[in-house]
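Analysis of the macromolecular model
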Amino acid sequence: MHVLALVPALCLVTSLCFVAYMHLSSAGDHSPKTFSFSWGPESQNVTSEILYLNMTFEIVDEKLSIIARVNDNDFNGYGGSFGDWLCIVLDRNHNGKIDRGWEHGDDDKPYILCASNSTVEPVILIDDVNCSVPKKLPVPSPYHTCNFDPQTGYTFNVSLSLQKLALTSDVIHIIFCDSDAQILYPPAGYMHGVYVEFSFGLDELK
Ligand SMILES: [Ca+2]
Ligand SMILES: [Ca+2]
Ligand SMILES: [Ca+2]
């Protein structure tokens, strides 16, 4: 049986306004978990409408499957820059938190997932909304594929080896960068998109 619960957004650290997130799950059968986030038009420039970011987590063939849907209104692939991209940061150094900053920002080795199905390494998570990447061309991504529908926006399909990650914490940090968007200047710094950080409930997927 599906259970729909509206969960107070207490575990989020995003500085921007968002409405809430919903957790849609099936009780006790290890089925996918979906978290839905939204931002009003006044708190993002990705779209002139409400921006939705829906994240679905599932374990498939010993891998962590993440499907991210975001209703950006304009495709931007690689073209002299990185275009639009999704950044996923997991606690890969097993210290129970997402590491940021020039000194420790690569400790958790962020994944940069470009709209053009490419990626680039290494990456530093500088702060909540910004990454530093090397000046080199992106390469085909072994982690994800990305599709764009003009009506509904992006769907990122991500697959990561749980064995390699060996996660002891399920905190996750997500940035969506819309390279077409005008920069916003929230207190956390400048940004072309939005970010969230939350726990996705890894144990409940197993
Ligand atoms: Ca846009
Ligand atoms: Ca875009
Ligand atoms: Ca960490």
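All chains use their own residue numbering, which begins from 1 and follows the written sequence. To read the labels, note that chains go from A and ligands from 1, taken in the order they are written. Side-chain atom pairs in this predicted model are given and counted only at pLDDT of 80 or more, local residue features only at pLDDT of at least 70, and totals for whole chains, interfaces and linings cover all residues.

1. With respect to the environment of cysteine 146
In plain terms, the rule: Comment: elements are numbered from the N terminus, with helices defined as DSSP H or I runs of at least four residues and strands as E runs of at least two. Using C-beta atoms placed from the backbone, we call a residue buried if 20 or more other C-beta atoms fall within 10 Å of its own, exposed if 12 or fewer do, and partly exposed for counts in between. For the purpose of contact definition, each residue receives a C-beta atom placed from its backbone, and two residues are in contact when these atoms lie within 7 Å.
You can see cysteine 146 is positioned in strand S12 (residues 144–149). Accessibility expressed as a C-beta count within 10 Å gives 23 for cysteine 146, which makes it buried. Among residues more than four places away in sequence, those in contact with cysteine 146 are Leu113, Ala115, Asn117, Tyr154 and Phe156.

2. Observations regarding the nonpolar core
The condition is simple: Note on terminology: a nonpolar core is any set of buried Ala, Val, Leu, Ile, Met, Phe, Trp, Tyr and Cys residues joined through C-beta atoms within 7 Å.
In terms of nonpolar packing, the biggest core is built from 48 residues, with Cys87, Ile88, Leu113 and Ile174 touching the most fellow members. Residue contributions to this core peak at six residues, all from strand S6 (residues 85–90).

3. A look at the confidence of the model for the protein
Under the convention used in this document: pLDDT: the predictor's confidence for each residue, scored from 0 to 100.
For the protein, per-residue confidence averages 84 on the pLDDT scale, and 83% of positions sit at 70 or higher. Taken as a whole, residues 1–17 scores under 50 in pLDDT and shows 35 contacts with residues more than four places along the chain or in a different chain.

4. Quick word on unusual backbone geometry
Peptide bonds are, in most cases, trans, and in most cases residues other than glycine have a negative phi. Along the chain, glutamate 121 connects to proline 122 via a cis peptide bond; the corresponding omega equals -15 degrees. Turning to its location among the elements, proline 122 is positioned in the loop between strand S8 (118–119) and strand S9 (124–125). In this model, aspartate 61 sits at a positive phi of 55 degrees, which is unusual for a non-glycine residue. Positionally, aspartate 61 belongs in the loop between strand S4 (51–60) and strand S5 (63–70). Under the C-beta neighbour-count criterion, aspartate 61 is labelled exposed, with 8 such atoms within 10 Å. Positive phi is not limited to glycine here, since histidine 94 has a value of about 60 degrees.

5. Here's the deal with the pairing of S4
Which entries qualify depends on this criterion: In this analysis, strands are considered paired if DSSP registers two or more bridges between them.
The pairing of strand S3 (residues 33–39) with S4 spans seven bridges and is classified as antiparallel. Each residue of the ladder has a partner; that of serine 36, found in S4, is asparagine 54. Relative to S5, S4 is paired through eight bridges, and the arrangement is antiparallel. Bridged to valine 60 within S5 is lysine 63. Connecting S4 to the next strand, S5, in antiparallel fashion are two residues, including aspartate 61 with a positive phi near 55 degrees.

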